[in-house]
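Architecture and fold: a report
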Amino acid sequence: MVNLKSEIIYQSGIKPEVSERDELINATEGLISDIKEKYKHKNIMAIGISMQGRVDEKNGISGELDKINNWKDVPIKDIFEEKFGIPVHIAHDPECLLTAVASDDDALLLRLDFGIGMAVKKCGGLISAAGMLELGKTVCENGMRLDDYATITGLSQNFGITPENFDDAKNSAAFDKMASRLGVALSNAVLIFDVKKVYICGELLKYGKYFLNKTERIVKKYCGEDTVIEIFDVKKAAEGAAD
């Protein structure tokens, strides 16, 4: 819950173990209903939803969402406006995060978890178009993409690395490859968009000690020692969604 000053006055969250479209929608409706009930004495003016994957913000449509079956061009705005009777706005999750942390600075953001999300801010505004900043689709070698190396899903499917065995010493070679490819791809993005500030967040950062130092060294090598990389909490997406 965020007030008109963009101050967070209440936080709640769930990690629903779901794989189907309707299951996720129902879980989200339940979370919003609980918050509305808790603050029924308040005038809740709108609902802001930050979404990963391809997002059509103008029409309120979530185009695709990894790991959720039957999720194709879902009219999120219409579904929740009909349910709750107040305006609903959806936005791309990385853009919400960058809005919350970057103020007026030129900056680039990466979110690393089951996929790779990216956002860029230049001259006080977001560079935005559906599907434009798909860094995860960068081709590395042998037909593999960056998201095959630098996501929770990719590490599991291609290297057998799961949250249960991240600390196993035998995984060091895979993390070394990940850091190298992530560092080069991130360097290219920094140079293309001419920014000096990079924010990185996401579930994968729980294991950042295995790859972040090398990734940062590569970025500074190609983009300059004055390039700043900052790690932050994804909970700030709520502030960005409100803005």
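The coordinates are above.
Per chain, residue numbering runs from 1 following the sequence as it is written. Per-residue local features of the predicted model are confined to residues with pLDDT of at least 70, and side-chain atom pairs are confined, for both listing and counting, to 80 or more; whole-chain, interface and lining totals are unaffected and use all residues. As a rule here, side-chain values come from all non-hydrogen atoms in the structure, and water together with hydrogens is ignored.

**Examining the overall build of the chain**
When you go through the chain residue by residue, the secondary structure sums to eight helices and twelve strands. Taken over the C-alpha trace, the chain has a radius of gyration of 19 Å; the compact-globule value for 243 residues is 18 Å, and the two agree within 12%. The principal-axis extents of the C-alpha atoms in the chain amount to approximately 55 × 40 × 30 Å. Burial classification: accessible surface area is computed with a 1.4 Å probe over protein chains only, and a residue below 20% of its type maximum counts as buried, one above 50% as exposed, and the rest as partly exposed. Taking all 243 residues of the chain together, the buried fraction comes to 42%. Whether two residues are in contact is decided by their heavy atoms, any of which lying within 4.5 Å being enough. A separation of at least 24 residues holds for 65% of the contacts in the chain among residues at least 6 apart in sequence. Each accessible area value is a Shrake-Rupley result obtained with a 1.4 Å probe; residue values ignore everything except the protein chains displayed when judging cover. A total accessible area of about 12,900 Å² is found for the chain, and carbon and sulfur atoms account for 48% of it. Under the counting rule used here, the positive set is Lys and Arg, the negative set is Asp and Glu, and His together with the chain ends is not counted. For the purpose of locating charges, the reference atoms are NZ of Lys, CZ of Arg, CG of Asp and CD of Glu. Here the chain contributes 31 positively and 39 negatively charged side chains, and the mean placements of these two sets differ by 2 Å. Each helix is a run of H or I in the DSSP string that is no shorter than four residues. Each strand is a run of E no shorter than two, and both are numbered from the N terminus. Radius of gyration means the value over C-alpha atoms here, while the globule rule gives 2.2 Å times the residue count to the 0.38 power.

**Examining the environment of Leu204**
With respect to the secondary-structure elements, Leu204 resides in the loop between β11 (197-201) and α7 (212-223). Residue Leu204 is classed as buried on the basis of its relative accessible area of 0%. Distance in space between the C-alpha atoms of Leu204 and Leu110 is 11 Å, their sequence separation being 94 residues. With near-sequence residues (within four places) excluded, Leu204 lies in contact with Leu112, Asp113, Ala150, Thr151, Ile152, Leu155, Phe166, Met178 and Phe211.

**Re the packing of helix α6 (residues 172-193) against α7**
Interhelical geometry of α6 versus α7 gives an angle of 35° and a closest axis separation of 8 Å. Note that α6 runs across α7; the crossing there is right-handed. Between α6, through Asp176, Ala179, Ser180, Leu182, Gly183, Val184, Leu186, Ser187, Val190 and Leu191, and α7, the contact on the second element is made entirely by Lys214, Thr215, Ile218, Val219, Tyr222 and Cys223. Only the stretch in contact is used when fitting a helix axis, every axis being a line fitted to C-alpha atoms; angles between N-to-C directions are given from 0 to 180 degrees. When the near helix sits turned anticlockwise from the far one by under a right angle, the crossing is termed left-handed; a clockwise turn instead gives a right-handed crossing.

**What to know about the sheet that holds strand β7 (residues 116-122)**
Across a sheet, paired strands are connected by hydrogen bonds in the backbone, their directions being either parallel or antiparallel. The strand order across the open sheet built from five strands is β8-β7-β6-β11-β12, with neighbouring strands paired in mixed fashion. This sheet does not close on itself; its edge strands, each paired only once, are β8 (125-127) and β12 (228-231). Going across the sheet, the axis of each strand differs from the next one's by a mean of 25°, ignoring polarity. Bridge count for β7 against β8 is three bridges, and the pairing is antiparallel. What sits directly across from Lys121, in β8, is Leu126. Helix-sheet contacts for helix α3 (residues 93-101) involve β6 (107-112), β7, β8 and β11, and the interaxial angle to β7 is about 45°. In this fold α6 packs onto β6, β7, β8 and β11, with an angle of close to 150° to the strand it touches most, β6. Note: two strands are recorded as paired if DSSP finds a minimum of 2 bridges between them.

**So, the pairing of β11**
Most of β11 is tucked away, with five of its five residues classed as buried. Burial along β11 is two-sided: Lys197, Tyr199 and Cys201 facing one way and Val198 and Ile200 facing the other are all buried. Pairing of β6 with β11 involves four bridges; the strand directions are parallel. Bridge pairing links Leu109 to Tyr199 in β11. Pairing of β11 with β12, which is carried by four bridges, proceeds in the parallel orientation. Bridged to Val198 within β12 is Ile229. The crossover handedness rule: strands pointing away from the viewer, path from first strand over the helix to second strand clockwise, crossover right-handed. A crossover connection joins β11 to the parallel β12 through α7; in handedness this β-α-β unit is right-handed.

**Comments concerning the sheet that holds strand β4 (residues 72-74)**
With antiparallel pairing, three strands are arranged side by side in an open sheet as β2-β3-β4. Because the sheet does not close on itself, it has two edges, and the strands there are β2 (55-56) and β4. Pairing of β2 with strand β3 (residues 61-64) involves two bridges; the strand directions are antiparallel. Bridge pairing in β3 links Val55 to Ser62.

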